[in-house]
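Geometric and topological summary
Chain residues, written in single-letter form:
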Amino acid sequence: MILSASHISKSYHNGEKELHVLRDINLELQKGEIITIMGQSGAGKTTLLNILGTLDQPDSGSISICGQDIDSLADEDLSKLRNKHLGFVFQFHHLLPEFTAMENVLLPALISGNETEIKERANELFDYVGMVERQKHYPAQLSGGERLRVAVLRALILKPDVVLADEPTGNLDVHNADRLLSLFQKINNDFNQAIVITTHNLKVAEIGKRRFVLENESLKHIDII
Ligand SMILES: Nc1ncnc2c1ncn2[C@@H]1O[C@H](COP(=O)(O)OP(=O)(O)O)[C@@H](O)[C@H]1O
Ligand SMILES: [Mg+2]
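Described below are features of the structure shown in this document. On a predicted model such as this, the values are computed, not experimentally measured, just so you know.

1. Section: the sheet that holds strand β9 (residues 210-215)
Strand order in the open sheet formed by 6 strands is β6-β7-β8-β3-β9-β10, and the pairing between neighbours is mixed. What marks the edges here is a single partner per strand, and that holds for β6 (86-89) and β10 (218-222). Here the strands of the sheet are splayed against their neighbours by 20° on average, with no regard to which way each runs. Examined bridge by bridge, strand β3 (residues 34-38) and strand β8 (residues 194-199) share 5 bridges and lie parallel to one another. When the sheet's bridge partners are listed, I34 is paired in β8 with I195.

2. What to know about the pattern of salt bridges
Throughout the structure, instances matching the rule amount to 9 salt bridges. The salt bridge involving R23 is made with E217; its shortest N-O contact spans 2.7 Å. Pair noted here: R23 is in strand β2 (residues 17-29) and E217 is in the loop between β9 and β10, with a separation of 194 residues, a long-range link. Given the relative accessible area of 46%, R23 is considered partly exposed.

3. So, the layout of surface pockets
Regions of empty space are outlined by a rolling probe, equal in size to a water molecule, passed over the atoms. Looking at the largest pocket, its volume works out to about 290 Å³. The wall of the largest pocket is formed by 14 residues, among which N83, L86, G87, F88 and P108 lie closest to the centre. Put simply, the parts of the chain that give the lining of the largest pocket at least two residues each are α2 (75-85), β6 and α5 (144-156). Classifying every residue of the lining of the largest pocket by side-chain character gives 9 nonpolar, 3 polar and 2 charged.

4. Description of the sheet that holds strand β1 (residues 3-14)
Within a sheet, adjacent strands bond to each other through the backbone by hydrogen bonds, running parallel or antiparallel. With respect to topology, 4 strands assemble into an open sheet ordered β2-β1-β4-β5, the strand pairing being antiparallel. Of all the strands in the sheet, just β2 and β5 (68-69) have a single pairing partner and so form its edges. Sheet topology places strand β4 (residues 60-65) next to β5; 2 bridges connect them, and they run antiparallel. When the sheet's bridge partners are listed, I65 is paired in β5 with Q68.

5. Side note on the environment of T199
Relative to the assigned elements, T199 resides in strand β8. Sequence separation between T199 and L95 is 104 residues; the distance between their C-alpha atoms is 20 Å. Contact partners of T199, with chain neighbours within four places excluded, come to I37, M38, G39, K45, E167, V204 and A205.

Quick notes on the rules
Residues numbered from 1 in each chain as written. Chains lettered and ligands numbered in written order. Predicted model: local features only at pLDDT ≥ 70, side-chain atom pairs only at ≥ 80, totals over all residues. Heavy atoms only, no water. Pairing = 2+ DSSP bridges. Helix = DSSP H or I, 4+ residues; strand = E, 2+ residues; numbered from the N terminus. Axes fitted to C-alpha atoms, helices over the stretch in contact; angles between N-to-C directions. Salt bridge = Lys/Arg side-chain N within 4 Å of Asp/Glu carboxyl O. Buried < 20%, exposed > 50% of the residue type's maximum accessible area, 1.4 Å probe, protein only. 1 Å grid on protein atoms, 1.4 Å probe; cavity = no way out; pocket = protein on both sides within 12 Å on 5 of 7 lines; lining within 4 Å. Points joined across faces, edges and corners; volume = space filled by probe spheres on them. Nonpolar A, V, L, I, M, F, W, Y, C, P; charged D, E, K, R; others polar. Contact = heavy atoms within 4.5 Å.

Dropping the structure here:
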């Protein structure tokens, strides 16, 4: 098992009001599996994904990654663990506008040594998604679909065990969304990386080997959509 969440609860406080978002969520992610989490806007998908990715903390419950309980880790060790095991694809790609596509992909790897090796891998990845010609383009010079593919490469550069993708197709047209889905499936096949995808789109949800719905603060496993 690569990532395990047990008894996760989370609420937000806005002044006097308390908003419960997650209640007693349990999830175990196996090596190399794709799971999808469907949910309406506001259901708590981003909150859950951020907690699974150790970017946010639950009020209660625990997360363990590759057998390591993250509660016991100091900040620095937690960032190392995150860097080593997790890759993120955010809904709005979050590429840095002043860096080229290649530089954006290399960024997470800057702190982790072997430059030649990393550059080689980045080149391979651009080739993998058919974007070798786009390496030196800035995000503003890329289409929405291309930007998201660059964001996916950035998530993959350090060979994470798990890729967490938050509504990755949310802002893409049907063609680019299909392309991105095939890319996730290809990555999963070729590199045996586990992938967690949140979505409110049925078609995206269908690529999950296991599928879940997040509603009323709970995560439910569903067989058929
Ligand atoms: N930092 C925050 N402070 C207060 N409320 C928040 C915060 N982040 C999210 N929420 C609220 O929590 C609920 C779940 O949000 P979110 O996890 O972003 O849902 P989703 O990604 O499924 O749209 C929403 O009602 C949202 O308004
Ligand atoms: Mg969200």
